[in-house]
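So the chains spell out like this:
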Amino acid sequence: MKQICIRKEAAILVLMAAFLGGYVAGPALPWMKEADVPPGARPSETNEPAIRHYAEALVHIERDAMFSTPADSPQEIVASSLRAYLGQKDPYSDFLTKEEYAKFMEASRGEQTGIGMDIEKRRNGDILCYPIPNGPAAQAGVKPGEQLLSLDGVATRGKSLPAIVSLAAGRQGVPIVAELENSSGNRRLVSIIRARFSAQPVSEYTHRSSRIIRLASFTPNTRQELDYLVSKQRQHDYIIIDLRGCGGGDFYAAVDSAMLFLAKGEEIVSVSGRSGSQNYSATIPHVPPAQRIFLWQDEFTASAAEIFIAALTENDRGISVGTATAGKGTRQDIIKLQDGAALILTTGYLLTPRRVEFDGSGLRPMHQVEGDAPDEDDFLSKTAMLTG
């Protein structure tokens, strides 16, 4: 049994064949590990009577039930019952069949070919879209914050993010039809052509003569790129990092990126699970930037981005500006089963350095930006007030 630790989490995935955010766990990635299973042990040994009872029920369903059809194999029944149970208990947990899991892992090993879109699963089951700038989804007209209802006619509600990734995976040049719904409830169909593209998790833009670092997602390259852009602004009085719409990404990338602004030993995040709590702190002996760091956030800032913001603000290294964040503060693990199928289980809650659980509630900004839909002008005006 193989366990892949997903510390993201975003619940956010990039729907492309090479990089799928924090849920991806290819063999070369650091958080992939074998589960601690005693040699020769079988998981079912802990409750053999229940397993026999379930197997007996499957035989009767397949043989005697009037609703049973040849397509209702025992494997299908098991998959359906596991999905139903997990779905009742937790919106982020799921079961992947052998075929679904294989397709998901195949996508994680390919090149950056896909539809170019982050997705976030909210606790109510909504799947929100975050198209990557200049990627296939953005070019097709997908807007940030739109709900993803289906892909090629297959409903996404009730499915885990890896299951949706397996739906979106495909060859370059092959279109896929996404059904979307905006905040007004209007629905539309958009055809997205899978293509190769280059995602930029960190970039820089200028607004009203202010240079702003845009952090779109956390990837293994985020720390290096962020360090470079921050070093270019050493002579400035303050630095603005825009995390609006940042759905998260790689847990470890968020931890590493936070270390750029923290002194050695300062806490970043802790993960509370059934076996206890694991703490993550800055390990790099260096002098953090002296400038004030302003962090822009909104209701679409989630997961790894929330880890980054809490680490800086609660260590008095950053000042958050905007609106309350999404509140995605859980960790999921993918556990590969012996037959090639996989379980996705929520195994921990993320806590800020001050031991605050933010799942479901989000992080309130230190300074609120008012308005129904504040834009760059509103955020920059608020920041300017704080710097004056």
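Residues numbered from 1 in each chain as written. Predicted model: local features only at pLDDT ≥ 70, side-chain atom pairs only at ≥ 80, totals over all residues. Heavy atoms only, no water.

A look at the overall build of the protein
Defined as follows: Here a strand is any run of E in DSSP of at least two residues, a helix any run of H or I of at least four, and the numbering for each starts at the N terminus. In this scheme, a residue with accessible area under 20% of its type's maximum is buried, one over 50% is exposed, and one in between is partly exposed, where area comes from a 1.4 Å probe on protein chains only.
Summing up its helical and strand segments, the protein has nine helices and 21 strands in all. Residues counted as buried form 49% of the 388 residues belonging to the protein.

Describing the pattern of salt bridges
Condition: Between Lys or Arg on one side and Asp or Glu on the other, a salt bridge is scored when a side-chain nitrogen of the former is within 4 Å of a carboxyl oxygen of the latter.
Taken as a whole and judged by the stated rule, the model has 18 salt bridges. A salt bridge links E100 to R83, with the shortest nitrogen-to-oxygen separation between them at 2.7 Å. Of this pair, E100 sits in helix α3 (residues 98–108) while R83 is found in helix α2 (residues 74–89), placing the two residues 17 residues apart along the sequence. You can call E100 partly exposed: its relative accessible area is 22%.

A short note on the side chain of D94
Going by this rule: N or O atoms within 3.5 Å of each other form a polar contact, as long as, within protein, one can give a hydrogen and the other can take it, and as long as residues adjacent in sequence are counted only when both atoms are side-chain atoms. The contact criterion used is simple: two residues touch if any of their non-hydrogen atoms lie within 4.5 Å.
Counting through the fold element by element, D94 comes out in strand β4 (residues 94–96). In this structure D94 comes out as buried when scored by relative accessible area, which is 3%. At 3.0 Å, the side chain of D94 and the backbone nitrogen of S160 are in polar contact. D94 has contacts with R83, L86, G158, K159, S160, A163, A342, L343 and I344, leaving out every residue within four places of it along the chain.

Digging into the nonpolar core
Rule in force here: Here the nonpolar core consists of buried residues drawn from Ala, Val, Leu, Ile, Met, Phe, Trp, Tyr and Cys, with membership extended through side-chain atoms lying within 4.5 Å.
Residues F218, L226, I241, L243, F261, I268 and F308 are the most contacted members of the largest nonpolar core, which totals 38 residues. Elements represented by at least two residues in this core include exactly β13 (210–215), α6 (222–231), β14 (238–242), α7 (251–259), β15 (267–273), β17 (292–297) and α8 (304–313). Looking at this core element by element, the count peaks at eight residues for α8. Contact partners of F308, with chain neighbours within four places excluded, come to F218, L226, I241, L243, A254, S257, A258, F261 and L295. One finds I115, I127, I176 and A178 within the second-largest nonpolar core, a separate group that totals 17 residues.

Some words on the environment of A373
Tracing the backbone through its elements, the reader meets A373 in the loop between β21 (367–368) and α9 (376–387). Relative accessible area serves as the criterion here: at 67%, A373 is assigned to the exposed category. Sequence spacing of A373 and D298 is 75 residues, and the spatial spacing of their C-alpha atoms is 9.8 Å.

A closer look at the pairing of strand β10 (residues 187–193)
So the rule is basically this: Here the rule is simple: two strands pair whenever DSSP picks up at least two bridges between them.
As paired strands, strand β9 (residues 175–181) and β10 are joined by seven bridges and run antiparallel to one another. Bridge pairing in β10 links E179 to L189. As consecutive antiparallel partners, β9 and β10 are separated by five residues, and within that stretch G185 has a phi angle of approximately 90°, a positive value.

Some details on the packing of aromatic side chains
The test is simple: Classification of ring pairs rests on two measures: the distance between centres of Phe, Tyr or Trp rings, Trp counted by its six-membered ring, which must be within 6.5 Å, and the angle between planes, read as stacked under 30 degrees, edge-to-face over 60 and tilted in between.
Tallying each qualifying case throughout the model produces eight aromatic pairs. With 6.4 Å between their ring centres and 75° between their planes, Y252 and Y280 make a pair best called edge-to-face. In this pair, Y252 sits in helix α7 while Y280 sits in strand β16 (residues 276–281), placing the two residues 28 residues apart along the sequence. Arranged with centres 5.3 Å apart and planes meeting at 45°, the rings of W296 and F379 form a pair that is tilted. With W296 in strand β17 and F379 in helix α9, this residue pair connects regions lying 83 residues apart in the sequence.

Quick look at the environment of K103
Positionally, K103 belongs in helix α3. Sequence-wise, K103 and A169 are 66 residues apart; in three dimensions their C-alpha atoms are separated by 7.6 Å. Sequence-distant contacts of K103, that is, excluding residues within four places in its chain, are made with S166 and A169.

Digging into the sheet that holds β21
Note the threshold: Every axis corresponds to a line fitted to the C-alpha atoms, with the helix fit spanning only the stretch in contact, and the corresponding angles, defined between N-to-C directions, vary from 0 to 180 degrees.
The strand order across the open sheet formed by six strands is β12-β13-β14-β17-β18-β21, and the pairing between neighbours is mixed. A single partner strand is all that each edge strand has here, and the edge strands are β12 (202–207) and β21. Here β17 runs beside strand β18 (residues 319–322); their pairing, made up of four bridges, is parallel. Following the sheet pairing, W296 is matched in β18 by V321. Its contacts with the sheet place α8 against β14, β17 and β18, and it is angled at close to 145° to β17. The sheet strands contacting α9 are β12, β13, β14, β17, β18 and β21, and the helix crosses β17 at an angle near 150°.

Comments concerning α7
Of all nine residues that make up α7, seven are buried, and the element is covered over most of its length. All of the buried residues along α7 are F251, A253, A254, V255, S257, A258 and M259. The inward-facing, buried residues of α7 abut α6, β15, β16, α8 and β20 (342–351). In this structure D250 caps α7, since a side-chain oxygen of it lies 2.8 Å from the backbone nitrogen of Y252.

What about the packing of α6 against α7?
Applied cut-off: Roughly parallel means an angle under 35 degrees; roughly antiparallel, over 145; roughly perpendicular, 65 to 115; everything else is oblique. Here a crossing is taken to be left-handed if its near helix is turned anticlockwise relative to the far helix by less than a right angle, and right-handed if that turn runs clockwise. Residue type decides the class: Asp, Glu, Lys and Arg count as charged, Ala, Val, Leu, Ile, Met, Phe, Trp, Tyr, Cys and Pro as nonpolar, and the leftover types, Gly among them, as polar.
α7 packs onto α6 with a crossing angle of 25° between their chain directions and a minimal axis gap of 8 Å. In terms of their interaxial angle, α6 and α7 are classed as roughly parallel. The crossing of α6 and α7 is right-handed. Along the contact surface, α6 presents T222, R223 and L226, while α7 presents D256, S257 and M259. The residue inventory of the contact of α6 with α7, partitioned by class, reads two nonpolar, two polar and two charged.

Thoughts on the packing of α7 against α8
Axis separation between α7 and α8 bottoms out at 9 Å; the angle between their running directions is 25°. Comparing their axes, α8 and α7 come out roughly parallel. Relative to α8, the crossing made by α7 is right-handed. Facing α7, whose interface residues are F251, A254, S257 and A258, α8 presents A304, I307, F308, A311 and L312. The residue inventory of the contact of α7 with α8, partitioned by class, reads eight nonpolar, one polar and no charged.

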